[in-house]
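Architecture and fold: a report
Spelled out from the first residue to the last, the chains are:
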Amino acid sequence: MITVNLSVAQKRGSLTLPHGFRTQIAWQEGRPILVQQEDIDSWWSWLVPDAQTLFTRYQDHCAAEPAAALPATPSRWVRPEWLWACQQQPQTPWTAHWQAWSTGMQSQGIDPLVLSAWTQDILTWLPSLTRREHSRYLQALVAWPGLQWPTRRRWLTALAIWGTAVDLTWLDAVWQADAALADVPTSDDS
């Protein structure tokens, strides 16, 4: 994740990344998207693959379990099993919805509880990947501009923390992310 402070000129429509950031970015990992503006003077960006790229990249790692039946059209909220059905069979017509959400061409509400389910389900669906790879996969989903997450940075930070320690529970990762974002030290006494 890259955080950039904006000048008055940059707020008017153009933005150039500082040279130091350009050398850190691995462009083959995706395209930079404006994920969220922090405040009036800064924003942060994430490099993410679109849905077709993501599903294709992990196709060979997907467990061969029967996919859930998908409804004809999306309902108000994304359901956890929709992801795994498309990951298992990227040719399904539903992949077009994921592609539109990944590029921001359509938007869809998503409850953070779905992310909790995905952190459990991913162990079954993509069993050959490491915890860090699981984290990167889910971070791509959370960064997609068409999926409407409350407090997106909170979930990206929690996934980054969750991906670093195999024995860390999802709940502990969320609490550590909350503490990190609030700049409050964590301790067992509080």
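The coordinates are above.
This report concerns the structure included in the present document. For clarity, every value in this text was computed on a predicted model and none was experimentally measured. (Residues numbered from 1 in each chain as written. Predicted model: local features only at pLDDT ≥ 70, side-chain atom pairs only at ≥ 80, totals over all residues. Heavy atoms only, no water.)

On to the packing of aromatic side chains, then. Aromatic ring pairs are defined here through the distance separating the ring centres and the angle between the ring planes. One pass over the structure, following the stated rule, counts eleven aromatic pairs. Each ring, one from W84 and one from Y137, has its centre 6.0 Å from the other, and the planes form 15°; the classification is stacked. Of this pair, W84 sits in helix α4 (residues 80-88) while Y137 sits in helix α7 (residues 131-143), placing them 53 residues apart in sequence. The same class applies to W84 as to Y137, namely buried. Pairing W162 with W170 gives two aromatic rings, centres 6.2 Å apart and planes at 85°, and the pair type is edge-to-face. Like W162, the residue W170 is buried in the burial classification. Three or more aromatic residues link up through ring pairs in this structure, and these residues are F55, W94, W98, W101, W118, W144 and W149. (Phe/Tyr/Trp six-rings, centres within 6.5 Å; stacked < 30°, edge-to-face > 60°. Helix = DSSP H or I, 4+ residues; strand = E, 2+ residues; numbered from the N terminus. Buried < 20%, exposed > 50% of the residue type's maximum accessible area, 1.4 Å probe, protein only.)

With that out of the way, let us pick up α7. Taking 1.5 Å as the rise per residue, α7 with 13 residues should run 18 Å; its terminal C-alpha atoms sit 18 Å apart, in good agreement. Burial runs high along α7: ten of the 13 residues are buried. Inspection of α7 places R131, H134, S135, Y137, L138, Q139, A140, L141, V142 and A143 among the buried residues, and these make up the whole buried set. (Expected span 1.5 Å × (residues − 1).)

Coordinates in, geometry out; function isn't part of it.
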